[in-house]
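Summary of the model geometry
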Amino acid sequence: MTTQDTKVEKEAGDLSRRDFLGLLGKGAACAGALVGAGSALASAGGGAVSALGGVGPSFQQDDAQYAEAVKNPPKIPNYNWTQHKWAFGVDADRCIGCLRCVEACKMENSVQMDRNHTRTWVERYVYLEGSDHAHVDSIHDIKNVVPGSKETRFKFDNRYKDEKVTKEFFVAKLCNQCEKPSCVQVCPTGATYKAVDGPVLIDTKYCIGCQYCVQACPYGARSLNEARGTAEKCNWCYHRITKGMQPACVEVCPTGTRIFGDRTDPESPVSQFIRNNKVSVLKPDMGNMPNVFYKGIDKEVL
Amino acid sequence: MEADVFHHIAPFVGFAYPNETEVPWSELIVIYPYITGLVAGAFVVSSLHHVFGMERFAPISKFALLASLCFMFFAPTPLLFHLGQPTRALNAVLTPHWTSAMAAFGYVAGFYIVLLLLETWFSFRADIVAMSKSRTGIMQKVYQVLTLGSDDVSPRALHTDHTIARRLAMIGIPGACGLHGYVGFLFGSLKTREWWSSDLMPVIFLLSAVGSGVGLLIVIYVIASWWRKTPTNNGAMEGLLYLLWTGIVVVVVIEALEMVQMLYKAREGIEGVFALIQGPITNSMIIQWGGSFLALVITSIMMLYNTKGKRLVFWLFISGLLMMVGVLAMRWNVVIGGQELSKTMRGLMTYHPEVFGRESLFTVATLFTAPFVVLYLAQKLLPTVWEADPEEHEDKVFDIHKAI
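Small disclaimer: the values here were computed from a predicted structure and weren't measured. (Residues numbered from 1 in each chain as written. Chains lettered and ligands numbered in written order. Predicted model: local features only at pLDDT ≥ 70, side-chain atom pairs only at ≥ 80, totals over all residues. Heavy atoms only, no water.)

Focus: the environment of Phe111 of chain B
Residues and elements named next belong to chain B. Within the secondary structure, Phe111 sits in helix 6 (residues 105–134). Note on Phe111: relative accessible area 44%, which makes it partly exposed. Linking Phe111 and Gly175, residues 64 residues apart in sequence, is a C-alpha distance of 8.6 Å. (Helix = DSSP H or I, 4+ residues; strand = E, 2+ residues; numbered from the N terminus. Buried < 20%, exposed > 50% of the residue type's maximum accessible area, 1.4 Å probe, protein only.)

See the structure below:
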């Protein structure tokens, strides 16, 4: 066994220990902490705009910190991207639509704090009695924004309480980090690219902000960060996964809806999820070959 | 700050992805293909004389060339205003990512500007030489510089000029078609939007470009003649009528075919397409089709009755204007309409353009006025008297043989 192999094994070991702890603590500790953070934010009232003029609340990275992070990206020791193949699973049957993932993502990644820009979101599908089509809504519906939170906190409203609902479920959405990403295909500068270990990344120092990628993404996963003038999308928290951590949304998910891991490791949560379930991907006809695998989604899910 | 964040947010109905509610491509991307289309159209008219020797277009061919050049200068500007990081615009040229349809834009546009500049110089060299001899003061120096040191106006040299200009125009025709077909490809090649994803898109863009370009030439030719108090040339006007009629017929037929095909195929989400037509783009659809049909009717009647003289000038002017407006509405329907229909095909956005701001109607108006101003100035520098009837304007003509 080479030193490299030992390292991989050690890393895998770390991951599974963390997963175990994560599973134990997810419902209580992590979600609790973030709900706490969210409440602190709400109680701060008008504090959603930071002193530095950034859009986000004060615990988000401000523009100066962002510029510093872009200028001097942290070195990741002992990470070899040829040895991983990250993948994501969504078990729609488990999702309760609490939207902790959306808020955690926005905090972790300094996403614009409004309902029209997001790296991940949850869709609610509701079939009313007698209807063959689902009513769909998500965080961009103003009714699903917590009043007074200045579009920093979200909660699905109870709009169907007087209706007869026959079927209802939630579907979490995020960037599919496709095998054949159309966003990468259309990027005129090569600022967005497919990393060897799976995620599609954006070089925000090189992006010109033409938004061709936003148009090309079949899943609506991309947006323009207007403050920065560059494209914005989920990268499965690349800064975390390369250090052996879970993406923020996976970390906070209290029900285990979101599953993440390394497909090169047959025992990783995502490998098991894909192996043990009948999974599907979104819009397979687009030919993008997504890397987010869904269990329990319906014909209406697009 | 918040105003900046929210200013492109479009209200929506049905279900669209959250990120889609910010419309990525604004009215600046409407005007961009429109301007390149005018360039292509004007160039085609100029080439009909330069390449094919159609004498009826002789009076306006150099004017058309100059118009084409002036509009081409401004074709890339809407894109620059639209970029999130305009200072990095050259990244796409310095390190083009060749799988992107957009990567070639800098090269295609650059090539075409150079080609137009060269053809203009060869077409106007004799005039420039004449003016470098006849003018005085600073303008003489300017014209001397513009001659680039080549002041030979012997018949042999003039023949060479003509030959080179013709060859450049011959390259320019596929160039203009390529340039505009390429713009259509930028939209048509995106599989994500049913409204764009059509094999006919490059053809539609190209044909409507020629139609609107001819319309533009008619409009500015009539206005310039009125401004100069000179009559328009009847032969040229008739030629433009034939061109415009052909343009409208082909454009209307191809666009109708595209629509019918989309509706007949009725793939998943066709209800969304119907809702789009009956919803956010209803008005611009009425303008597009109404303008085209009206122009078609007017030009057809003029063709039938062989209209001549003042009536021809007036009604052709109206038809040209209708064609320009119709094609502008068509660009809106394609660019904005495509984004108003959600990628889920189950939601609609309604885009409201801003009046002032970086990406606003004001910017569009400014960028679209600029080529006319530059054309006016270019006319001052390189007067294109209506070449066919010089004896009527002897005082204004720079007769090369008198000047030397």
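Looking at the interface of chain A and chain B
Taken together, the contact between chain A and chain B spans 58 residues of the former and 46 residues of the latter. Of the roughly 4,200 Å² buried between chain A and chain B, counting both surfaces, carbon and sulfur atoms make up 53%. Ranking the residues of chain A by area buried against chain B places His140, Tyr212 and Gln215 of chain A at the top, with a combined share of 19%. At the boundary of chain A and chain B, one finds 1 salt bridge. The partner of Glu300 of chain A in a salt bridge is Arg346 of chain B, with the nearest N and O atoms 3.1 Å apart. Residues belonging to the side of chain A that touches chain B are distributed by class as follows: 25 nonpolar, 20 polar and 13 charged. (Contact = heavy atoms within 4.5 Å. Buried area = accessible area lost by both parts, 1.4 Å probe. Salt bridge = Lys/Arg side-chain N within 4 Å of Asp/Glu carboxyl O. Nonpolar A, V, L, I, M, F, W, Y, C, P; charged D, E, K, R; others polar.)

Thoughts on the confidence of the model for chain B
Residue and element names in this part refer to chain B. Of the residues in chain B, 93% reach a pLDDT of 70 or more, and the chain-wide mean stands at 90. Ranking the elements of chain B by mean pLDDT puts helix 1 (residues 2–6) last, at 43, and helix 12 (residues 282–305) first, at 96. Long-range and interchain partners of residues 1–6, a stretch whose pLDDT sits below 50, account for 13 contacts in this model, where long-range means more than four residues apart. (pLDDT = per-residue confidence, 0-100.)

Quick notes on the sheet that holds strand 2 (residues 120–128) of chain A
Backbone hydrogen bonds are what pair the strands of a sheet, in a parallel or an antiparallel way. Residue and element names in this part refer to chain A. The 3 strands lie next to each other as 3-2-4, forming an open sheet whose pairing is antiparallel. The open sheet is flanked by strand 3 (135–137) and strand 4 (165–174), the only strands paired with a single partner. Neighbour-to-neighbour, the strand axes of this sheet turn through a mean angle of 20°, independent of strand direction. Two strands pair when backbone bridges link them, and strand 2 and strand 3 are joined in this way by 3 bridges, in the antiparallel orientation. Residue pairing across strands places Arg124 opposite Asp137, the latter belonging to strand 3. (Pairing = 2+ DSSP bridges. Axes fitted to C-alpha atoms, helices over the stretch in contact; angles between N-to-C directions.)

As for a nonpolar patch on the surface
Residue and element names in this part refer to chain B. Together, Ile223, Trp226, Trp227, Val373, Tyr376 and Leu377 make up an exposed nonpolar region whose accessible area comes to about 710 Å². Residue assignment for the nonpolar patch shows that the elements contributing at least two residues are helix 9 (201–228) and helix 14 (361–381). With relative accessibility at 58%, the residue Trp227 sits in the exposed group. (Patch = residues over 30% accessible without salt bridge, like charges linked within 9 Å, V, L, I, M, F, W, Y side chains within 5 Å. Areas by Shrake-Rupley, 256 points an atom, 1.4 Å probe, with all protein chains shown as cover.)

Some points on the sheet that holds strand 1 (residues 86–91) of chain A
Residue and element names in this part refer to chain A. Within the open sheet, the 3 strands sit side by side as 9-1-10. Their pairing is mixed. Of all the strands in the sheet, just strand 9 (258–262) and strand 10 (292–295) have a single pairing partner and so form its edges. Sheet twist, expressed as the mean angle between neighbouring strand axes with direction ignored, is 20°. By the bridge criterion, 5 bridges tie strand 1 to strand 9 in an arrangement that is antiparallel. Bridge assignment links Trp86 to a residue of strand 9, and that residue is Asp262. Strand contacts of helix 8 (residues 269–276): strand 1, strand 9 and strand 10, with the helix running at about 110° to strand 9, the strand carrying the most contacts.

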